[in-house]
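# Descriptive structure summary
Listed below are the residues making up each chain.
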Amino acid sequence: MYVFLALCMMMKHSEKAVVQDYWNKDSLVPSPIFNRYITRDRFHLLLRCLHFENNANEVRHDRLWKVRKVFSDLRGKFRDYFVPGQNVVIDESLVLFNGRLAFKHYIPSKQHRFGLKFFVLCDCETGIVLDMILYLLAHNTSICGTVKILRKEMPVFGIGISVGKCQLCKCDNMLSVRWKDRCEVNILTTIYTGAMLDSGKVHFQTRNPMYKPDCVIDCNVNMRLVDKCDMILDGVECVRGSVKWTKMLFFHLMDVAVLNCFNMYLVKSGRKPSIRTFSASVVSQLLVKYGREGSIVLRGVQATMPHAATDILRGNENFGVHMLEYMPGTASREKDKCACILCRNTTRRSQKRRCITPFKKTWTK
């Protein structure tokens, strides 16, 4: 199973149109690493039978019951192995899924507009994904985020507001901030006071310092983190199109786990490799530890074939081509002959050819 997951991660490093192309013997699209560890039919069988819960244990009030165990285990690992700093950010993330699903969402601002919607909690300093939370104030957590002005229970401000101005309205421990730069921004916060601070930028015409509310400056710094995580995962994600939303969710969770391992490696080692290099290193270590290279016997090929024929039949450029091989004379056969390498090392009748001919002395050995 580790080999199966490692090869799923490897597919993004040599991306192809369909899964079958990873086992293609054509020299134009070579991927010999897949054929060394697992056959195509075996890979498809594991992918088709990938399941996480017995259907007899259905929980009617839990829409994620098919992946609840895997989902809960990974969330527990994320919480146990890292203690976040003071600043954390929560934002929505979308897992691409175009199939039929009752809780599929549409977010036009995301790269994948249709899919499974999650609220991801990230540490602002390291970028490590911590958890998915639904309600913050019940845990005595301070919040700060944008909100639409048309939502219910929002305060009513004046009719208009000039550029650079800020309006405040407070209720209990919740502060509503209305500020306008190029467009109007509305923010709810329980940690900031709405004080105007220097943003470190100057106006392009007047060259005067630009002041913004403290909550706006904080949002500009931290709220891009979840989108950055999605952007990093886009280069190494092993999610492929599927009609099963459970498989899409499982592979997305596996990508998030790889991202967390990568961020922890950056914190511990101090090095800065790319995530593609890190992912390839993880795949290599999994294959070395759990894989058995060369144990796969190709269909229609004898297991006791000569080494020279093995190289040809294992994915080199002459795979599937009938080629003559010099056969010197023996005690029972005095004449030199040539025989086809492919026909001598296959049991398939359709590939048998009458290609043994007398060997002429003018040929080059």
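Up top is the structure these notes are about.
What this report covers is the structure whose coordinates are included nearby. (Residues numbered from 1 in each chain as written. Predicted model: local features only at pLDDT ≥ 70, side-chain atom pairs only at ≥ 80, totals over all residues. Heavy atoms only, no water.)

## So, the packing of aromatic side chains
Enumeration over the complete set of coordinates arrives at 9 aromatic pairs. Summarising the aromatic geometry, the rings of Tyr265 and Phe278 are spaced 5.6 Å apart at their centres and angled 40 degrees between planes, so their arrangement reads as tilted. Taken as a pair, Tyr265 in helix 7 (residues 245-269) and Phe278 in helix 8 (residues 275-290) lie far apart in primary sequence, 13 residues in all. With a relative accessible area of 28%, Tyr265 lands in the partly exposed category. Judged by relative accessible area, which is 13%, Phe278 ranks as buried. (Phe/Tyr/Trp six-rings, centres within 6.5 Å; stacked < 30°, edge-to-face > 60°. Helix = DSSP H or I, 4+ residues; strand = E, 2+ residues; numbered from the N terminus. Buried < 20%, exposed > 50% of the residue type's maximum accessible area, 1.4 Å probe, protein only.)

## Concerning the nonpolar core
Counting 52 residues, the largest nonpolar core has Trp23, Phe43, Leu116, Trp245 and Leu249 as its most contacted members. Those elements that place two or more of their residues in this core are helix 1 (2-10), helix 2 (32-37), helix 4 (68-80), strand 1 (88-96), strand 3 (114-123), helix 6 (225-233), helix 7 and helix 8. The residues contacting Leu249, other than those within four sequence positions of it, are Leu64, Val67, Leu116 and Phe118. Within the second largest apolar cluster, 8 residues are counted, among which are Cys144, Val177, Ile187 and Cys219. (Core = buried A, V, L, I, M, F, W, Y, C linked by side-chain atoms within 4.5 Å. Contact = heavy atoms within 4.5 Å.)

## Here's the deal with the pairing of strand 3
Along strand 3, 7 of the 10 residues are buried, which leaves the element largely enclosed by surrounding structure. Bridge analysis of strand 2 (residues 105-106) against strand 3 gives 2 bridges, and the strand direction is antiparallel. Bridging across to strand 3, His105 finds its partner in Gly115. Between strand 3 and strand 4 (residues 129-131), which pair antiparallel and follow one another directly, the connecting turn spans 5 residues, one of which, Gly127, has a positive phi of 80 degrees. (Pairing = 2+ DSSP bridges.)

Structural measurements only, silent on function.
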